[in-house]
Amino acid sequence: GLFTASLEKRMSSMEESLSQEFFFRTRQIRAMASVLSPPNSRIPPVFVYGQGSGGKSAIVRRSLELSADAFAFVDCVLYPNHKVLFETIINQLTGHVPSSENGYENHSKCERMGDFIWMLAELAGE
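An account of the accompanying structure is given in this report. Just so it is clear, the structure is predicted and the values come from calculations on it, not from any experiment.

So, how was this worked out
Residues numbered from 1 in each chain as written. Predicted model: local features only at pLDDT ≥ 70, side-chain atom pairs only at ≥ 80, totals over all residues. Heavy atoms only, no water. Helix = DSSP H or I, 4+ residues; strand = E, 2+ residues; numbered from the N terminus. Buried < 20%, exposed > 50% of the residue type's maximum accessible area, 1.4 Å probe, protein only. Contact = heavy atoms within 4.5 Å. Areas by Shrake-Rupley, 256 points an atom, 1.4 Å probe, with all protein chains shown as cover. Expected span 1.5 Å × (residues − 1). Arc of directions from axis to C-beta. Core = buried A, V, L, I, M, F, W, Y, C linked by side-chain atoms within 4.5 Å.

1. A few points about the overall build of the chain
Secondary structure assignment for the chain yields five helices and zero strands. The order of helices and strands in the chain, counted from the N terminus, is α-α-α-α-α. Evaluated residue by residue, the chain yields a buried proportion of 24% over its 126 residues. Restricting the contact set of the chain to residue pairs at least 6 apart, pairs at least 24 apart contribute 44%. Accessible surface computed for the chain: about 9000 Å², of which carbon and sulfur atoms make up 56%.

What follows is the structure, encoded as structure tokens:
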């Protein structure tokens with residue numbers, strides 16, 4: 001139907017754009033396109049692995065930029081504890097940037113997993 005044709009066109013456009021940016025990565029680009037369709041659906045957590053300097057992060061980030069309305073891109077290894085990880089994700093999803101103007105405060109405090117889940121639900125409008 002019309003929805004399927006629109007989805008195929010959108011995904012084809014994303015794949016074409018990514019293929020022009022990332023040569024010889026057709027298989028990986030198609031894998032990301034399959035994860036990101038259909039549009040406006042919840043994207044499952046994605047675990048990407050492979051040798052260093054292969055373009056994994058760049059392809060995932062660019063795929064999300066081209067297809068998702070809101071997303072958080074985090075490397076879990078970089079965060080010293082769950083609180084910092086949760087607050088970083090919420091900052092990214094809301095577009096909030098801690099700065100001197102806001103006293104370097106985060107969008108909201110997420111001390112526990114329950115706080116984080118509650119905030120995600122709030123952001124999703126549930």
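2. Here we look at helix H3 (residues 56-67)
End to end, H3 covers 17 Å across twelve residues, agreeing with the expected 16 Å (1.5 Å per residue, within 8%). Inspection of H3 places Ile-59, Val-60, Ser-63, Leu-64 and Ser-67 among the buried residues, and these make up the whole buried set. Looking straight down H3, one finds its buried side chains confined to an arc of 125°; they lie on one side.

3. Observations concerning the environment of Phe-86
Of note, Phe-86 is situated in helix H4 (residues 82-94). The class for Phe-86 is buried, based on a relative accessible area of 7%. Remark: the alpha-carbon pair of Phe-86 and Ser-108, spanning 22 residues in sequence, is separated by 9.6 Å. Sequence-distant contacts of Phe-86, that is, excluding residues within four places in its chain, are made with Cys-110, Arg-112, Met-113 and Phe-116.

4. Here we look at the nonpolar core
Judged by nonpolar contacts, Met-14, Leu-18, Phe-22, Ile-29, Met-32, Ala-33, Leu-36, Ile-59, Val-60, Leu-64, Ala-68 and Phe-73 together constitute the single largest core of twelve residues. Among the elements of the structure, helix H1 (2-21), helix H2 (26-35) and H3 are those that each provide at least two residues to this core. Excluding residues within four positions of it along the chain, Leu-18 makes contact with Ile-29, Arg-62, Ser-63 and Leu-66. Membership of the second largest hydrophobic core comes to seven residues, among which are Ile-90, Cys-110, Phe-116 and Met-119.

5. Some details on the side chain of Ser-63
Structurally, Ser-63 is set in helix H3. Taking the relative accessible area as the measure of exposure, Ser-63 reaches 0% and is therefore buried. Not counting the four nearest positions on each side in its chain, Ser-63 is found in contact with Met-14, Leu-18, Met-32 and Leu-36.

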